[in-house]
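# Report on the structure
If you want the building blocks of each chain, they are given just below.
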Amino acid sequence: MMLSGNRTATPRPAPHVLFLIIVWALIWHSSCKTPSTPGIAHDTWYISEEMGIAVKFESALRGQYITLNKAIATPQPFRVRQSRNVTRFRLSGHANLQGRLQVYHDQFYLVGANQRISFRQYYTRSFPRAPFRYHDALFSRVTKEEVVYGHAPGFYSSRSIEKRENKSYNQVLFEVAEGITSNLLRRSIPLQMDIYQPEGDLQNNRPLMVLLHAGAFIAGDKGDELVSKLAQDYARRGFVVASVNYRLGYIFLPGRYSNLERAMYSAMQDVRAALRYLSHHHNRYRIDPHFVVLAGHSAGGILTLKTTFMDESEIWPSARGSVLRLQPDLGCLDCAVNDLHGPFTIRGAVNMWGALDDLSVIKPHNRVPLLSIHGDQDYVVPYGSDFPFANVSARASAFFSRRLHGSASILQHTQQLGLEHTLYTFEGWGHEPHFDHDHELIPENYKIIDDLILSFVNHLLIPPFGPITGPQAIGRQDPPAEFWIAQENFKEYFFQCDHCIILRQTPNSTRVVWLDTGQQPQLRIAGVGEHGQVKLDTLTVNIR
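Here the structure is a predicted model, which is why all the values come from computation and not from measurement.

### Here we look at the sheet that holds strand S6 (residues 86–91)
With respect to topology, 8 strands assemble into a closed barrel ordered S1-S2-S3-S5-S6-S7-S8-S9, the strand pairing being antiparallel. Here the strands of the sheet are splayed against their neighbours by 35° on average, with no regard to which way each runs.

### Things to note about unusual backbone geometry
Of note, the bond from Ala130 into Pro131 is cis; its omega dihedral lies within 30 degrees of zero at 5°. When you line up the elements, Pro131 lands in the loop between strand S9 (116–121) and strand S10 (142–154). Look at Phe217: it is not a glycine, yet its phi comes out positive at around 65°. In this fold, Phe217 is placed in the loop between strand S12 (206–212) and helix H3 (225–236). The backbone of Glu432 shows a phi angle near 55°, a positive value even though the residue is not glycine. Relative to the assigned elements, Glu432 resides in the loop between strand S19 (421–426) and helix H9 (443–461). Residue classification places Glu432 among the buried positions, given a relative accessible area of 8%.

### Topic: the sheet that holds strand S23 (residues 492–496)
With antiparallel pairing, the 3 strands of this open sheet are ordered in space as S23-S26-S27. Unpaired on one side and paired on the other, S23 and strand S27 (534–540) mark the two borders of the sheet. Averaged over all adjacent pairs, the angle separating strand axes in this sheet is 25°, with direction ignored. Bridge count for S23 against strand S26 (residues 522–528) is 5 bridges, and the pairing is antiparallel. Bridge assignment links Glu492 to a residue of S26, and that residue is Val528.

### Structural notes on the pairing of strand S1 (residues 45–48)
The two faces of S1 match: Trp45 and Ile47 on one face and Tyr46 and Ser48 on the other face are all buried. Relative to strand S2 (residues 53–57), S1 runs antiparallel, the two sharing 4 bridges. Its bridge partner being in S2, Tyr46 is matched across the sheet by Val55. Alignment of S1 against S9, held across 2 bridges, turns out to be antiparallel. When the bridges of S9 are listed, Tyr46 appears paired with Gln121.

### Some words on the environment of Ser401
The topology assignment puts Ser401 in the loop between helix H7 (394–400) and strand S18 (404–405). Residues Ser401 and Tyr257, 144 residues apart in the sequence, show an inter-C-alpha distance of 5.4 Å. Ignoring any residue separated from it by four or fewer positions in sequence, one finds Ser401 in contact with Tyr257, Leu260, Phe387 and Pro388.

### Observations concerning the nonpolar core
The biggest cluster of nonpolar side chains holds 70 residues, and the ones touching the most others in it are Tyr149, Met193, Leu208, Val210, Phe217 and Leu278. The greatest single-element share of this core, amounting to 13 residues, is contributed by helix H4 (residues 257–280). Discounting residues that sit within four places of it in the chain, Leu208 has contacts with Val240, Ala242, Leu275, Leu278, Ile287, Phe291, Val292 and Val293. Counting residues in each nonpolar core, the second largest holds 31 residues, with Tyr196, Ala231, Tyr234 and Val293 among its members.

### What to know about the pattern of salt bridges
In this structure the tally under the stated criterion is 24 salt bridges. Via salt bridges that share partners, Arg133, Asp201 and Arg206 belong to a single interconnected network.

Rules behind the numbers
The residue numbers shown here count from 1 along each chain, following its written sequence. Reporting in this predicted model follows two pLDDT cut-offs: at least 70 for local features of residues, and 80 or more for side-chain atom pairs to be given and counted; totals over whole chains, interfaces and linings ignore these cut-offs and use all residues. As a rule here, side-chain values come from all non-hydrogen atoms in the structure, and water together with hydrogens is ignored. For two strands to be treated as a pair, DSSP must find at least two bridges joining them. Segments assigned H or I by DSSP are reported as helices when at least four residues long, segments assigned E as strands when at least two residues long, and all are numbered from the N terminus. Here an axis means a line fitted to C-alpha atoms, over the contact stretch when the element is a helix, while the angle between two N-to-C directions is reported on a 0 to 180 degree scale. Note on classification: 1.4 Å probe, protein chains only; a residue is buried when its accessible area is under 20% of the maximum for its type, exposed when over 50%, partly exposed between these limits. Any two residues having at least one pair of non-hydrogen atoms within 4.5 Å are treated as being in contact. What makes a nonpolar core is a set of buried Ala, Val, Leu, Ile, Met, Phe, Trp, Tyr and Cys residues whose side-chain atoms join them at distances within 4.5 Å. The term salt bridge refers to a pairing of a side-chain nitrogen on Lys or Arg with a carboxyl oxygen on Asp or Glu at a separation within 4 Å.

Functional significance is not addressed by these values, which are geometric in nature.
Next comes the structure, spelled out in structure tokens:
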């Protein structure tokens, strides 16, 4: 007889109970699913002005937030939970936020029954970055246009001395001078200049640099090597540059310094006529005629000094002419070459191995900053006070010239007057320190010259910031730091800082909250001027 054991059957749930379990599981899954924040960038701050907070997502689940009512904010964590269509922000130490999440481009909203909280993505205006105009070579191509700026009676306005064929500077000049005596006829001649501009430049109101070549007032051309290289380099930096030909030639006669005076005076008239021409056409060339830097080397340096500092009342009597010498009156400084009346302002002068025959033309009221560059072994145009061409014969040079006062003597004079004047001395170098004995450009010396002029011009272009108003030190309980800068020197300002939120910025003010990172707060400031020039500075703020 076989005995059968008792077996208990496992009960199965009723169909309606199973249905309820499935429904409950679906509801639970829906309420606990991983939040999704599509369209919201991670590691980027979003600001809500109405709530006074900023949030930054590290993932879809969590992130950091700060309050925006203190100068220094300590980041706190937050978590995100989503239930049905409601997104909840659980902020540590702060009231939670919730609502239906809506994302539009660079902002999102939490929309509830009675409010709509907006968050905008944090960004600031683009901060200026190098390369900077007028300091760096922004443009790869330069255009050159030759224009006639007027006509005037003279011998000629161009006599190149670039191809010397192993002749010294003095030999070339004396050969040219001898050639003048074979043609004493003065006729009306066209006066030309080359205008260099950066190709593709859209900037208006650009500063103007005017360059004057060498040649002892008897030779030279607007395309000489130093002048043309400077013109190309400065046009690439964003300047408009004009290289000017001026009237040349005078008769060498013993004791007749007046002939050289008249030649220099005619050249001054020409340079001023070129400046009037450029001012008259300032819209065409998009230049600021009231920001002119005049620069020249050798005779061009002399002409730069004379044009910058010599007044109408100081013109030589010889310029008024002489019936006995059959010399016509050359007229006033602005009464020749053309009939244009464009105003201009020389804001700075660069004298490269030039000189003055009379130091008194620089007077206490002449506040035009001056840069001089000169070799202390220059015997063509003296570094101190001497006759020119002393390496040939001081007695011979005295026949047609007076004693000249070079850059070192000019420096002593300007220092006595309290004027702004910088002198760089090429120690051990003679005339034309940018050339070697074979008349080849010396790159190292050219770079020194270029850097000196660049620093000088940028000092003129880029003034200091106006007074900055704002806290020098901040505490954790202080309100957000606000800074204002006077706008007299720059058109607008830009602000930038690390580990901070810039709540507001206008063309001359900003409001900042720094994150509590343990680093000293710093505010970077960029001023942009009316010519497009940029100045950078950094303001360090202490923590109390």
